[in-house]
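Residue strings, one per chain:
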Amino acid sequence: MSVKKKPLVVVTRKLPDSIETRMRELFDARLNLDDTPLTTEQITHAVRSADVLVPTVTDEITEELLKQPECKLRLIANFGNGVDNIDVAAAHARGITVTNTPKVLTEDTADMTMALILAVPRRLIEGASILTEGKNWPGWSPTWMLGHRIGGKRLGIIGMGRIGQAVARRARAFGLQIHYHNRRPVAPRIADELGATYWESLDQMLARMDIISVNCPHTPATFHLVSARRLKLIRKDAYIVNTARGEVIDEETLTKLIETGEIAGAGLDVYEHEPAVNPKLVRLAKAGKVTLLPHMGSATIEGRVEMGEKVIINIRTFLDNHKPPDRVLPSML
């Protein structure tokens, strides 16, 4: 009796061991054990040979890749919540299903956002470096390393989806006043629970906030949503935190405004040209003006394992000729 051939699944980056082991059991899984990002040539080969591709945010799955006559893909099971690395419309046009891993990273990303909201005004990284980098610490002083209290301040959240709401819950516990801008207001019960004030005008909200948190996805509509013009609306004593996508902010203008004291500072976990980081931002970090993290917002063991489990469920459901639970359609973006 012939053995049914397993579908070929190409995984572009190293995943948790338990996830890779399960994939090898279920599929003909081609893994990336050394975690080196695949070249365009390697991804092109995967598109031509695999039934299923499991990419991450570091992999650009473009229309050009997908429109090849040799394209064999049936499913792109993205290891990640955002799908801005994939041309979803091009995939849909070719009959290729796209899935993602939503709801897994909400709490982890909100935790990191809150950490930056605390760290930037209170100068935590700057203070810690005094002890870890061999600098002279003269001892406690009433006027040394003064930051700003966050209790009672106004927090403006850009994007009140799952992560934005989770940030709001944490921030409210620290005594911040919650404001937000979204494509549409959240349900009244959620607004009441969070004590959240809705701003239809992003411009008006930005001009009145003490701290701004970017929590919206990167789409064509949100590219440079926080533009040069809008950045200039922000108060000189305000801070901006971004754990969403670097492309949402005009990073070059943000850097210039912090350099000149037009914005007090920033906490950034994502960058416009990742993995490259603007050298000017690095200098500002060394000067204590910004806090920089290397895209760590969702980096927990639990989160990565849950993401992998969702990827496996989406693949198995699709291969069983059912609709995957986390299917992404162009109309959803």
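Structure shown above.
For clarity, every value in this text was computed on a predicted model and none was experimentally measured.

(A) Structural context of the packing of helix H11 (residues 251-259) against helix H12 (residues 279-286). Contact geometry of H11 with H12 gives a least axis separation of 10 Å together with a crossing angle of 35 degrees. H12 is crossed by H11, and the crossing has left-handed handedness. Contacts from Glu251, Glu252, Thr255, Ile258 and Glu259 of H11 reach H12 at Lys280, Leu281 and Leu284. Of the residues in the contact of H11 with H12, the class split is three nonpolar, one polar and four charged.

(B) Molecular detail of the nonpolar core. In this structure, Ile158, Val214, Val226, Leu231, Ile234, Ile240 and Leu254 are the most contacted members of the largest nonpolar core, which totals 28 residues. For this core, the secondary structure elements donating two or more residues are helix H9 (202-206), strand E9 (211-214), H11, strand E11 (265-268) and H12. In contact with Ile234, other than residues within four places in its own chain, are Leu206, Ile212, Ile240, Glu262 and Ile263. Grouped together as the second largest cluster of nonpolar side chains are 25 residues, Ala110, Tyr180, Val186 and Val241 included.

(C) Molecular detail of the sheet that holds strand E1 (residues 8-11). Taken together, five strands build an open sheet; the order of strands is E2-E1-E3-E4-E5 and the sheet is parallel. What marks the edges here is a single partner per strand, and that holds for strand E2 (28-30) and strand E5 (97-99). Put simply, the sheet's adjacent strands are angled 15 degrees from each other on average, direction ignored. When strand E4 (residues 75-77) meets E5, the two strands line up parallel, connected through three bridges. Bridging from a neighbouring strand, Leu75 pairs with Thr97 of E5. Each of E1, strand E3 (52-54), E4 and E5 is contacted by helix H13 (residues 301-319), which is oriented at about 165 degrees to E4, the strand it contacts most.

(D) Here's a closer look at H11. For H11, the complete set of buried residues consists of Glu251, Thr253, Leu254, Thr255, Leu257 and Ile258. Elements that come into contact with the buried residues of H11 comprise helix H10 (228-231), strand E10 (239-242), E11, H12 and strand E12 (290-292). Where H11 ends, the next residue or the one after it, Gly261, has phi of about 80 degrees, a positive value.

(E) Summary view of the side chain of Asn100. Here Asn100 is to be found in the loop between E5 and helix H5 (106-122). Here Asn81 takes part through its backbone oxygen, which lies 2.8 Å from a polar atom of the side chain of Asn100.

(F) Representation of the pattern of salt bridges within the structure. Per the counting criterion, the structure on display carries 18 salt bridges. Across the pair Glu25 and Arg22 runs a salt bridge, and its minimum N-O distance is 2.8 Å. In this pair, Glu25 and Arg22 both sit in helix H1 (residues 17-26), three residues apart, roughly one turn of the helix. Classification of Arg22 by relative accessible area gives partly exposed; the value is 35%. Of the charged contacts, one joins Asp203 and Arg230 as a salt bridge, the two residues approaching to 2.7 Å between their closest N and O atoms. In this pair, Asp203 is assigned in helix H9 and Arg230 in helix H10, connecting sequence segments 27 residues apart. For Asp203, a relative accessible area of 21% gives the class partly exposed. When salt bridges that share partners are traced, they join Lys14, Asp17 and Glu20 into one network.

(G) Summary view of the environment of Lys135. Of note, Lys135 is situated in the loop between helix H6 (124-132) and strand E6 (154-158). Residue Lys135 is classed as partly exposed on the basis of its relative accessible area of 39%. Each C-alpha atom, one on Lys135 and one on Leu202, is 42 Å from the other, the two residues being 67 residues apart in sequence. Sequence-distant contacts of Lys135, that is, excluding residues within four places in its chain, are made with Ser129 and Ile130. Among the polar contacts made by the side chain of Lys135, one reaches the side chain of Ser129 at a distance of 3.4 Å.

Parameters at a glance
Residues numbered from 1 in each chain as written. Predicted model: local features only at pLDDT ≥ 70, side-chain atom pairs only at ≥ 80, totals over all residues. Heavy atoms only, no water. Axes fitted to C-alpha atoms, helices over the stretch in contact; angles between N-to-C directions. Helix = DSSP H or I, 4+ residues; strand = E, 2+ residues; numbered from the N terminus. Left-handed = near helix turned anticlockwise from the far one by under 90°. Contact = heavy atoms within 4.5 Å. Nonpolar A, V, L, I, M, F, W, Y, C, P; charged D, E, K, R; others polar. Core = buried A, V, L, I, M, F, W, Y, C linked by side-chain atoms within 4.5 Å. Buried < 20%, exposed > 50% of the residue type's maximum accessible area, 1.4 Å probe, protein only. Pairing = 2+ DSSP bridges. Polar contact = N/O pair within 3.5 Å; in protein donor to acceptor, adjacent residues only side chain to side chain. Salt bridge = Lys/Arg side-chain N within 4 Å of Asp/Glu carboxyl O.

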